[in-house]
Amino acid sequence: MKKFYLIVLDKDRESAPERLRKLGVAHVEELQGSGETYQALEREKSEAETVYYLLSNYEDRKSKSKHPAREGEGPSQIEAAKLLVREVSALKHEFDTLNERASQLAREMDRTATWGEVSVSQLAEVSEKTGLSIHFFEAPSKEAAHIPEELEYVRLAAPKGKIRLGVLIEEGKKLPELPAIFQEFLPPEMPLSSMRQEAASIDRRKKEIEGELRARTVHASVLKSYLEELESNITLERLRSGMPSQAQFAYLQGFVPARDCDRFKKMVARYGWAAAFDDPSDEELPPTLVENPPAIRIIDPVFEFLGTVPNYREYDISLWFLMFFSLFFAMIFGDGGYGSLIVLASLVSIVLGKRKGQKASDAQKLFLLLGAVTVVWGALTASWFGIQYNRLPYILQNISLPLINGQNPNSESNIKVFCFIIGLVQLSIAHIKNIKRDFPNLKFMSQIGSLLLLAGMFNAALNLVIDAQRFPIRSWALICIASGFSLVFVFGNWNGKIVSSLVESLKGLIPTFLGTVSVFADIVSYIRLWAVGLAGLAISQTVNGMAAGILGGAAGFLLGFILKLLIAVMLLAVSHSLNFVLTVLSVVVHGIRLNMLEFSGHLGMEWSGYKYNPLREAKSSPAPMQSTLEETGV
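Reference entry: report on the structure contained in this document. Bear in mind the structure is a predicted one, so any value in this text is a computation, not a measurement.

### Observations concerning the packing of aromatic side chains
One pair of aromatic rings is described through two measures. These are the centre distance and the angle between the planes.
Then step 1. Taken as a whole, this structure holds 23 aromatic pairs when the rule is applied.
Then step 2. Aromatic pair Phe 485 and Phe 489: ring centres 6.4 Å apart, planes at 15 degrees, arrangement stacked. Taken together, the residues span about one helical turn, with Phe 485 and Phe 489 both in helix α17 (residues 475-491) at a distance of four residues.
Then step 3. With a centroid separation of 5.4 Å and an interplanar angle of 45 degrees, the aromatic rings of Phe 491 and Trp 494 are classed as tilted.
Then step 4. Taking the relative accessible area as the measure of exposure, Trp 494 reaches 17% and is therefore buried.
Then step 5. One aromatic cluster is present, built from ring pairs that chain together Phe 303, Phe 321, Phe 325, Phe 329, Phe 333, Tyr 338, Phe 385, Phe 580 and Trp 607.
Then step 6. One Lys or Arg, Lys 416, reaches over the ring of Trp 530 and ends 4.4 Å from the middle of that ring.

### Things to note about the side chain of Gln 397
Then step 1. For Gln 397, the position within the fold is in helix α14 (residues 394-398).
Then step 2. Of the polar contacts made by the side chain of Gln 397, one reaches the backbone oxygen of Tyr 389; its length is 2.8 Å.
Then step 3. In terms of polar contacts, Gln 397 uses its side chain to reach the backbone carbonyl oxygen of Leu 392, at 3.0 Å.
Then step 4. Beyond its immediate stretch of four places on either side in the chain, Gln 397 contacts Tyr 389, Asn 390, Arg 391 and Leu 392.

### Focus: the pairing of strand β4 (residues 153-156)
Then step 1. Sheet analysis places β4 next to strand β5 (residues 162-170), joined by four bridges and oriented antiparallel. Looking at β5, one finds that Tyr 153 is bridged to Val 167.
Then step 2. Counted along the chain from β4 to the antiparallel partner β5, the turn is five residues long, and its residue Gly 161 has a positive phi close to 85 degrees.

### What to know about a nonpolar patch on the surface
Then step 1. On the surface, Ile 539, Leu 578, Val 581, Leu 582 and Leu 585 cluster together to form a nonpolar patch covering roughly 430 Å² of accessible area.
Then step 2. In terms of residue count, helix α21 (residues 558-603) provides more of the nonpolar patch than any other element does, four residues in total.
Then step 3. Within the secondary structure layout, Leu 585 lies in helix α21.

### Here we look at the packing of helix α11 (residues 318-333) against helix α13 (residues 362-381)
Then step 1. Contact geometry of α11 with α13 gives a least axis separation of 8 Å together with a crossing angle of 55 degrees. Classified by the angle their axes make, α11 and α13 are oblique. For α11 against α13, the interelement crossing comes out right-handed. For the pair formed by α11 and α13, the contact residues are Leu 322, Phe 325, Ser 326, Phe 329, Ala 330, Met 331 and Phe 333 on the first element and Leu 366, Leu 369, Leu 370, Val 373, Thr 374 and Trp 377 on the second.
Then step 2. Taken together, the residues that form the contact of α11 with α13 break down as 11 nonpolar, two polar and no charged.

### With respect to the sheet that holds β4
Then step 1. Taken in spatial order, the four strands make up an open sheet running β4-β5-β3-β6, and their pairing is antiparallel. Every interior strand has two partners, whereas the edge strands, β4 and β6 (183-185), have only one. Each adjacent strand pair in this sheet contributes to an overall mean axis angle of 35 degrees, direction not counted.
Then step 2. Sheet analysis places strand β3 (residues 132-140) next to β5, joined by nine bridges and oriented antiparallel. Within the sheet, the bridge partner assigned to Ser 133 lies in β5 and is Ile 169.

Reading the values: the criteria
- Residues numbered from 1 in each chain as written.
- Predicted model: local features only at pLDDT ≥ 70, side-chain atom pairs only at ≥ 80, totals over all residues.
- Heavy atoms only, no water.
- Phe/Tyr/Trp six-rings, centres within 6.5 Å; stacked < 30°, edge-to-face > 60°.
- Helix = DSSP H or I, 4+ residues; strand = E, 2+ residues; numbered from the N terminus.
- Buried < 20%, exposed > 50% of the residue type's maximum accessible area, 1.4 Å probe, protein only.
- Lys NZ or Arg CZ within 6 Å of the ring centre and 35° of its normal.
- Polar contact = N/O pair within 3.5 Å; in protein donor to acceptor, adjacent residues only side chain to side chain.
- Contact = heavy atoms within 4.5 Å.
- Pairing = 2+ DSSP bridges.
- Patch = residues over 30% accessible without salt bridge, like charges linked within 9 Å, V, L, I, M, F, W, Y side chains within 5 Å.
- Areas by Shrake-Rupley, 256 points an atom, 1.4 Å probe, with all protein chains shown as cover.
- Salt bridge = Lys/Arg side-chain N within 4 Å of Asp/Glu carboxyl O.
- Axes fitted to C-alpha atoms, helices over the stretch in contact; angles between N-to-C directions.
- Parallel < 35°, antiparallel > 145°, perpendicular 65-115°, else oblique.
- Left-handed = near helix turned anticlockwise from the far one by under 90°.
- Nonpolar A, V, L, I, M, F, W, Y, C, P; charged D, E, K, R; others polar.

By themselves these figures say nothing about function.
Structure (structure tokens):
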């Protein structure tokens, strides 16, 4: 990645970002937008997003598939999107207004329901004809004794425990004082029956609006393109309005892949701009561009799910992540039957997609691979839906590996050993890569020390966790641990001078010691592959046993047998589905952890990078929202 500095004439401020977008290789540093145009675009985007998510809530998948949006007819898609936003925004505003009015009516009806048909207009009419005004009061019934004797009132029907009064006041006279506990009731603006009629009318109109919104969801696809175009234009306007300037010039800076520098230079020369390129300094953090062949790129959905990007100066471990994650996935699922379901679901998804003219996505290919590896592991261990080994068909028994199938009493111990071997291999790969990185600097000796520690701790893990008699502590293991610690201590902080390097190591003696112990913990942590897989197997076998128990026993009536069969099938389906879901969660927690923590930790990776995101035209942009600028010709 190269850092570029681009200087343009101030008159080119408007066109420069658009031309960079057409080139499609310049990752420009973030600038702060300003101005009316920028704010208008932001408002437009906010309104369009609101409409898009609103329509998503009303979307009917079946209706969408039967009545696809018509494109290419009438006005342009962008104009159609704008019209859709205006219409839906108006409907939403009306819906919100109706909701607010409905809430007001609900509160008012709740307040006045027990008072019956009374309203301000009715009372005003009575007052006009009689010259008397009526005021209503309510208090606990025990307060009746405190009503002033001179007060003229009418006793009204009231709920139990309450007293209600209608106080008659002649025109021009003041309302007599009542004890504070008497609360005056303020009549509503309209009678209760009118409020109920209005509330019913509001409900009908709300349902009509919801119907109109559902009808418009079939055209919501244009909004996605519209939002992409808006986002692209906001980015351009942010650059235009936020581009620093001085005298007659404006300038930008950012990053461009080294391979695209020549294309960048041709564009600069074409428009008479000035550009300079430089290598990023150690203090700078350029964006990360990770490119892999299709066979390895299928792991990208996992990184996107995690939201992780390696630092520009860190490793791209896509290949190793894919290899080990596939193995971890298979061992945690541990069942060839589950793997077969994953393969079948992946193939069906791919075939259905191809019928619609869609290519198989990386996620579909990844699940197909994960399912296939799971089938292989299940075949080797003779694990098929938790069925006991001696009840499996002979063909499934014969293709299993005796060392790790259910027939071997030492299979669990052997799988544990295999887990530790995986840990040793994966962590060793990490330090071998670090040796290649650090050589010929003598700091690479500390990585050799880490390899020796791994070898020694591997023997210690076998001894302490699996079987002390079968795997005794060997003298070579002790030598490896001692030598490895010494090399890490001496060369871990190597700066070219032995004395200052040792002083730094002495300062970090405790962390170095703890790091040595953590090597043992890191290897032992790979036993989770066996433990989690065993838990899933135990659940499957327990469910199978319960189902067999339901179907067992003395033979009964045919109806009873059918009932028991249905219960057993439901139990198997629900329980195995739940076990499948729990295993997926286990893969996310444990399978990814071994790559992201243990492996990455030994590589020294922090995953602190950010993705290379150049200015580029939206892939699905249906039509330009502004007048098309001239082509760059690059």
